[in-house]
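Analysis of the macromolecular model
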Amino acid sequence: MADYDVIVIGGGPGGYVCAIRCAQLGLKTACVEGRETLGGTCLNVGCIPSKALLHASHMYHETEHNFEKMGLMGGKPKVDFAKMLDYKNAVIGQNTSGIEFLFKKNKVDWIKGWGSIPSTGHVMVGNKSFTARNIVIATGSQASSLPGVEIDEKIVVTSTGALELPKIPKKMVVIGAGVIGLELGSVYARLGSEVTVVEYLDHITPGMDSEISKTFQRTLKKQGLTFILGAAVQKVEKTKTKASVTYKLRKNDSEASLEADVVLVATGRKPYMDGLGFDKLGGKVSERGQIEIGALWNTNLDGIYAIGDAVKGPMLAHKAEDEGMAVAEVMAGKHGHVNYGVIPGVIYTTPEVASVGKTEEELKAAGVAYKVGKFSFMGNGRAKAVFQGEGFVKILADKETDRILGCHLIGPSAGELIHEICVAMEFGASAQDLALTCHAHPTFSEAVREAALACGDGAIHA
Ligand code: NAI
């Protein structure tokens, strides 16, 4: 008999959620994790710590820009950055120890160390070998750099180094106007850094609905971020304390350089599988370095499954979590399902940006007849009361059937608001279904309802 029914390799959101669900379904489960703490990139050096810094820097920004307007006097507070990092680290600690508690509660064994798969049905951790009926690879991803750019995590950093800088840089250059670049770029801009974002494309946030993307860029510009678009970074040269970023403008091939105290490289991530031995065993990996999977997250090797950032699809913690739960169901002989058409994406800046389903550009390209319902947060009393009237909700619905096909929003708590659309889409709701649902007043969510009304006879407060 095998030591375990399931061994999950990797304790991030994909892996730990999978392990907990396996145990809940009655499978004897272990999770292999080599970090000192559980939670993977997300909890240790990703989503959670960046949200702590976004929160702290947003509070600081509010004191500077909006406190006096509300009659809150007393001037701008001083930033003790070391203390801010302590707060961020405490938040990490609370979350990672929470996962350890959940493992104990659900009787999941944490095998500490880095795992490899010497043969199907076997997992090695250090010099110990374990047998398992099923193995799940949930090893996540790592930052991918650019040719000519050497990361030292001090002056030239990935998101990991950017969460642990010794001091607030005077000048920061961010390479890549994707999610990481804009979230962390806005943290440092709010804390006083001069932030310049250099982006290869001629717009920010690739894949996002273009109207939202333009409004988002305008808002970030107002917050002090500078954008150089259509610029391919060629190299980053370092001195002892600074760096110089050379880029080429795509429209005329001219080269220019920028000086920075810190350069954040945020040009995407790639699957992490160092030392795993999956490919050596004959496991299929795509040209992009992602493990190839079938419809049930099965690899081409017997009893080996893969989920999360190590496989295709958006590199998002919640997508990995959903896959983790679904593959657990499959291994327990049940039905596991992920609706890849309804996976929300959120950028946690202020204002937040969120989206789900198809963009207008995608619908156009697919030749789908659609209608648009839009509503500005300027017509939302609650948003105006908290200085967040900028931004809007955009619902895309099928022209014939009124079924909701997508939603894109920029505004207060967009990352929370998007979920009523997710639920509506899961139930195949029409815009009218949403429009006929009573929404509490005064809430930001009334703007979502108004956008749904705008898909029909019209919004009330527009
Ligand atoms: P990304 O793929 O979102 O953006 C990278 C950007 O870098 C692109 O706009 C690309 O055009 C640009 N770029 C590439 N090469 C360049 C060059 N030579 N010069 C200038 N620009 C260049 O990648 P990012 O922001 O690093 O994020 C990685 C992953 O982590 C993403 O899949 C993202 O979804 C995920 N993530 C999600 C978060 C969230 O959901 N809030 C937070 C942080 C990360």
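Before reading on, note that the structure itself is shown above.
What you see is a predicted model, and the numbers here were worked out from it, not measured in a lab.

Looking at the secondary structure, you find Gly148 in the loop between strand E7 (141-143) and strand E8 (156-157). Expressed as a C-alpha distance, the spacing of Gly148 and Ala162, which sit 14 residues apart in the sequence, is 20 Å. When near neighbours in sequence (up to four residues on either side) are disregarded, Gly148 contacts Gln234, Lys235 and Val236.

Per the stated rule, a full pass over the model turns up two aromatic pairs. A centroid spacing of 6.1 Å and a plane angle of 65 degrees characterise the contact between Phe81 and Tyr188, whose relative ring orientation is edge-to-face. Of this pair, Phe81 sits in helix H4 (residues 81-106) while Tyr188 sits in helix H6 (residues 179-190); the two residues are 107 residues apart in sequence, bridging distant segments of the chain. By relative accessible area, Phe81 is classed as buried at 7%. Here Tyr188 falls in the buried class, since its relative accessible area comes to 0%. Stacked on the ring of Phe392, the Lys or Arg Lys374 has its end atom at 5.5 Å from the ring centre. A cation over a ring is seen here: Arg382 above Phe444, with NZ or CZ 5.3 Å from the ring centre.

For helix H7 (residues 210-222), which comprises 13 residues, the first-to-last C-alpha distance of 19 Å matches the rise-based estimate of 18 Å (1.5 Å per residue) to within 8%. Every buried residue of H7 is listed here: Ile212, Ser213, Thr215, Phe216, Gln217, Thr219 and Leu220. For H7, the secondary structure elements touched by its buried residues are H6, strand E11 (226-228), strand E18 (345-347), strand E19 (352-357), strand E21 (392-398) and strand E22 (404-411). The positive-phi residue at the C-terminal boundary of H7 is Gly224, with phi of around 105 degrees.

Counting across every chain of the model gives 15 salt bridges. A salt bridge links Lys235 to Glu237; its shortest N-O distance comes to 3.8 Å. On the basis of relative accessibility, which here comes to 36%, the residue Lys235 falls in the partly exposed class. What makes Glu237 partly exposed here is its relative accessible area of 43%. The salt bridge involving Asp402 is made with Lys371; its shortest N-O contact spans 2.9 Å. Here the residue Asp402 occupies a position in the loop between E21 and E22, and Lys371 occupies one in strand E20 (residues 370-376), the gap between them amounting to 31 residues. Here Asp402 falls in the buried class, since its relative accessible area comes to 13%. Accessibility expressed as a relative area gives 21% for Lys371, which makes it partly exposed. Salt bridges sharing common partners tie together Asp209, Glu211, Glu360, Lys374 and Lys394.

Criteria and thresholds
Residues numbered from 1 in each chain as written. Predicted model: local features only at pLDDT ≥ 70, side-chain atom pairs only at ≥ 80, totals over all residues. Heavy atoms only, no water. Helix = DSSP H or I, 4+ residues; strand = E, 2+ residues; numbered from the N terminus. Contact = heavy atoms within 4.5 Å. Phe/Tyr/Trp six-rings, centres within 6.5 Å; stacked < 30°, edge-to-face > 60°. Buried < 20%, exposed > 50% of the residue type's maximum accessible area, 1.4 Å probe, protein only. Lys NZ or Arg CZ within 6 Å of the ring centre and 35° of its normal. Expected span 1.5 Å × (residues − 1). Salt bridge = Lys/Arg side-chain N within 4 Å of Asp/Glu carboxyl O.

Read these as layout, nothing more, since geometry by itself doesn't imply function.
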